[in-house]
Amino acid sequence: MDKKKKTVFTNEKTSYSPRLLAASTCDLKSLYLFYHSSEKGLVDEDALSDSLDLYGRNVISKGKNKSVFRRFIGAFINPFTFVLLTLAFVSLLTDVILASPGEKNPSSAIIILALVLISGIFRFAQEYRSSAAAEKLSSLVENTTPVYRYEKEMTIPLDELSVGDVIALSVGDVIPADVRIISSKDFFVNQSSLSGESEPLEKTSDLLSAQPSSIYEAKNLAFYGSNVVSGSALALCVAVGDETILGKMAQKMSGTKQEKTAFDKGVDSVSWLLVKFMLLMVPAVFLINGLTKHDWLQAFLFAISVAVGLTPEMLPMIVSSCLGKGAINMGKKKVIVKNINSIQNFGAMDVLCTDKTGTLTQDRVVLENHLNLDGKSDPKVLKHAFLNSYYQTGLKNLMDKSIISKTMELSNENDYLRDLDKNYVKVDEIPFDFERKRMSVVVKDNHGKTQMISKGAVEEILSVCSFAAKDGNVIPLDDKVKKGILDNVQSFSKKGFRVIAVAQKNNPRAVNAFGVGDEKDMVLIGYLTFYDPPKESTKEALTRLKGYGISIKVLTGDNPDVSAYICSLVGLSSPRVMLGNEVDSLSDEELRSEVEKVTIFAKLSPFEKSKVVAALKENGHVVGYMGDGINDAPALKEADIGISVDTAADIAKESAHVILLEKDLNVLVDGIIEGRKTYANMIKYIKMTASSNFGNIFSELAAAALLPFLPMLPLHLLILNLIYDFSCVAIPFDNVDEDYLKKPRKWDASSLGRFMLWMGPTSSIFDWLTYAVMYFIICPLFSGGNYYDPNCNQTLFVLLFQTGWFVESMWSQSFVIHMIRTDKVPFVQSRASWQLLLATCLSVGVASLLPFIPYVSSSLSLTSLPWEYFIYLLLAIAAYMILATLAKNLYKRKYGEVL
């Protein structure tokens, strides 16, 4: 073949190899010449070597896994870590590097770095554990394929297959490359995982006169990943590895950068909000302290501590702990979470897009009715359908299997249907083909009576019938009778049933063998209706999903009528069914509008599915997609949460965020609940910590302006945060109110801002009260007088004041957790978990005991407190909890919810 022709075969990149489409219209002789091949495969080793050099090995690039080191580093990459590392560096610079020899103190930097390390290591451990389980699940098994090469038949590993090899294909084989059919015999292929076409397609070696409008319509081409369901064929390998349609999909998946999920965007928004508060508050604290105390270095160090206090520094650790616990719980329910961030997206999800077959349905065709032309159930119709299905030797599709199964089931109750396989013998058959859309068998009973029985598409069966069995008589099949039959069939079709007709004639005659020409003058006796039934659990699961605020969208490549009918059975309705060609024809803006109105999308290609998912995301939804075929991979990648099953195609599993070991929507409901529990406990930590810390800083501003000394040392602030954060490790184990779980939860930084502004000053009221009590009563009482009194021990006065506020801050921060963690009345209508209760008591206990431990208290610049202080403290905390509850209720009344 000349070079000009060769350029036709090596065109620019498309969704498939241009050589593949060109091969469908090129004669075999030219193809053999082009690929240095023949009917017996590649001609010699040089041809094999050239082929490998030009087209590569049969290996699909699936993207490289991150190394352990990269995963470890990735666990530390988050906005809060960068904030804290910056603060740690500044603290190290001022406290150690630039400090005089006697004043070097690395404590603050060490505490900040310890928080970063603990958070990152814990997060890495949780993510590594989850991803290792997913990798183990999706490990691949090497396969082999029989080929002709060098005029010999041999079996080679799949990855050694080369362009130009001739492949021997038979029933049960998975097609190992994109191929051109050389010869075939009753060769049927299921390519639904690629094209979404539910019925097997016949593939032949016939040369196409023109290039088809779709690659999938080329009858002489078969594709990598399809499976052979009937017959045998020889095929020429035309594209391997990344050049196959499957490879192009895999390349697209691994080559595209993963979009940030709703979870990632939510954490980023929280980070930026806190940064804004820091930029506002920290300079103010620094300037006020510097101007009033005239110690700018101390003011600067205090401002750094304020910045740390305003940052939920353990957020990465708390988030990882919450997500890790969710992943473990999901694992117990046969769900593998590849990335623990996906757990939260379960909770945020408000739209679930799902394929129909095998998700809503049982993935099997069930015979519902066997009706005569009078519309009555008739065993005679079922008997003839059974004989046709049982005795045919070609492709037994799901409808044939359903007919045989139903007949066997009813034979125990009806003698007419008993022992049909023993009472008849096969004489001949006329195989099914997709042009006639029918198949016929000729059988003979024990009495010597011969019958031809045909079944197939209604219109095709009518075309070979001259009579109809109606009202117990055989009557001519005139236009009036035909219209009545077609009207009945249409009524079933509108309900989504697949309808096939059954006809027969007695004592047919043939010269040698029966052929298509003998299918004539038959008697129409009835028809059969089928459907792919929904799973028993589907309707209940969909009801549960709706109860949790999840909208369902069905995205399928199947027939629109069937899809609409199945959806109606499980409680899904749609004003209309949108087809794939309409999805393609709409502008992005029009599609965004239509996806909100339509529930069922049918006849979709893989990228049309992805387009629908993208439109829903652009409308602000958090979208989940459940699918298991290669054709689902783009949509799985596009979705915020991709869900697949362990039996799915490898690309589907790689594109998914979550892998189910059972294909059951009820498992998804459990996942949503876990996701919302995870979100609730994370947002508890963020809101209660941010508002409490903000309240402390708000109090600091007043103290900086009014007090002649710092109300708390920078080290005190860091220790306070350290103890509090460790107490919050129990938050992932906290209980969540059932009412809270009923609504999808998206990250919303704006609510955090107003919550801080609302609840923070509430704590400041009692901080100011503590200032007054400590400054005017307790400190003067136990230090020899007021601060400016000559007899006053100012050092003890300051120590008492700072220690008193340190302990009060810990108590108020710890007990307000129970006020904020629920919309309900705490301890009465909603109780915290025992883990959180224990953590609260321990944190309060540790903070209260530190001032009484001799060496520790002196090293931390704390001092013991008189018992009179604790009487005040108990009264103040009780009043604070009451006021916090009132403030929470007012906030809820104004904004609708607390968390």
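Now for a quick tour of the structure. (Residues numbered from 1 in each chain as written. Predicted model: local features only at pLDDT ≥ 70, side-chain atom pairs only at ≥ 80, totals over all residues. Heavy atoms only, no water.)

1. Points about the overall build of the protein
Within the protein, the secondary structure is distributed over 32 helices and 23 strands. Out of the 899 residues in the protein, the part that is buried amounts to 55%. In the protein, of all internal contacts separated by at least 6 residues, the share reaching a separation of at least 24 is 74%. In the form shown here, the protein has an accessible surface area of approximately 37900 Å², with 57% of it arising from carbon and sulfur atoms. (Helix = DSSP H or I, 4+ residues; strand = E, 2+ residues; numbered from the N terminus. Buried < 20%, exposed > 50% of the residue type's maximum accessible area, 1.4 Å probe, protein only. Contact = heavy atoms within 4.5 Å. Areas by Shrake-Rupley, 256 points an atom, 1.4 Å probe, with all protein chains shown as cover.)

2. Let's talk about the nonpolar core
Leu352, Leu660 and Phe806 are the most contacted members of the largest nonpolar core, which has 116 residues in total. In terms of residues, this core owes the most to one element, helix α26 (residues 665-706), which gives 18 residues. Discounting chain neighbours no more than four positions away, the residues touching Phe806 are Met712, His716, Ile719, Leu720, Ile723, Ala847, Leu850 and Leu862. Residues Ile181, Phe187, Leu208 and Ile215 belong to the second largest nonpolar core, which totals 40 residues. (Core = buried A, V, L, I, M, F, W, Y, C linked by side-chain atoms within 4.5 Å.)

3. What about the pairing of strand β15 (residues 473-476)?
Across four bridges, the pairing between strand β14 (residues 465-470) and β15 is antiparallel. Residue pairing across strands places Ala469 opposite Val474, the latter belonging to β15. A loop of two residues connects β14 with β15, the two strands running antiparallel in sequence, and Asp471 in this loop sits at a positive phi of about 55°. (Pairing = 2+ DSSP bridges.)

4. Here we look at unusual backbone geometry
Keep in mind that most residues, glycine aside, have a negative phi and that most peptide bonds are trans. Here His36, not a glycine, exhibits a phi torsion of approximately 55°, which is positive. Positive phi, close to 55°, is recorded for Asp471, a residue that is not glycine. Here Asp471 lies in the loop between β14 and β15.

5. Concerning helix α32 (residues 867-895)
For α32, which comprises 29 residues, the first-to-last C-alpha distance of 41 Å matches the rise-based estimate of 42 Å (1.5 Å per residue) to within 8%. Taken together, the buried positions of α32 are occupied by Tyr869, Tyr872, Leu873, Ala876, Ile877, Tyr880, Met881, Ala884, Thr885, Ala887, Lys888 and Tyr891. Looking one or two places after α32, you find Gly896, whose phi comes out positive at around 100°. (Expected span 1.5 Å × (residues − 1).)

6. Section: the pattern of salt bridges
Enumeration according to the criterion identifies 13 salt bridges in this entry. Note that Glu460 and Arg438 form a salt bridge whose closest N and O atoms lie 3.8 Å from each other. With Glu460 in helix α17 (residues 458-462) and Arg438 in strand β12 (residues 438-445), this residue pair connects regions lying 22 residues apart in the sequence. Arg438 sits in the buried class, given a relative accessible area of 7%. In this structure, Asp734 engages Lys684 in a salt bridge whose closest nitrogen and oxygen atoms are separated by 2.6 Å. Of this pair, Asp734 sits in the loop between α27 (714-727) and α28 (749-783) while Lys684 sits in helix α26, and the two are 50 residues apart along the sequence. (Salt bridge = Lys/Arg side-chain N within 4 Å of Asp/Glu carboxyl O.)

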